[in-house]
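# Descriptive structure summary
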Amino acid sequence: MSVRCPVLLCREENAYGAELCAGCRTPLAGYARLHTYPAYLFNRGLAAARAGRLAAARDCFAAVVHWCPGDTEARNALALAGLRLGDRAEAHRQWTEVLDRRPGDPKAVRGLAQLAEPAEASRSSGGPGVSGPAPGTG
């Protein structure tokens, strides 16, 4: 029995129970565990953000993005959490990546537009909203 690497550019066949992919060194066991819970982590991040725990929210969104790099909703949420924590460079990087993956994404477009505004205007507007279905559901 074997396990195929989940990384699309790799897809290496690995022995069942392998910790790392033989082709790309992706941590297979960790990927399998996280792949089971991306919606949970995303929703946990949303709850933390709504409760004002922005660092915890950022960490949840970053975990989803780390293991599910194509999840643009989690990337949008990570960018917004970064922006609200004062990390404009990280917000810019994440929203740019969203637009590379999904051109015209309205949340990323609004976020980058907000970053282009003076810092004082950004604080008073409250920023672009994070909403939408959990990863894998929409």
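No experiment lies behind these values; they were computed from the predicted model shown.

The next point concerns the pattern of salt bridges. Taken as a whole, this structure holds seven salt bridges when the rule is applied. Ionic pairing is found between Asp 59 and Arg 58, a salt bridge with its closest N-O pair at 3.2 Å. Owing to a relative accessible area of 32%, Arg 58 belongs among the partly exposed residues under this scheme. The shortest N-O distance in the salt bridge between Asp 105 and Arg 102 comes to 2.4 Å. Residue class for Asp 105 comes out buried when judged on its relative accessible area of 4%. The partly exposed category is assigned to Arg 102, whose relative accessible area is 33%.

Rules used throughout
- Residues numbered from 1 in each chain as written.
- Predicted model: local features only at pLDDT ≥ 70, side-chain atom pairs only at ≥ 80, totals over all residues.
- Heavy atoms only, no water.
- Salt bridge = Lys/Arg side-chain N within 4 Å of Asp/Glu carboxyl O.
- Buried < 20%, exposed > 50% of the residue type's maximum accessible area, 1.4 Å probe, protein only.

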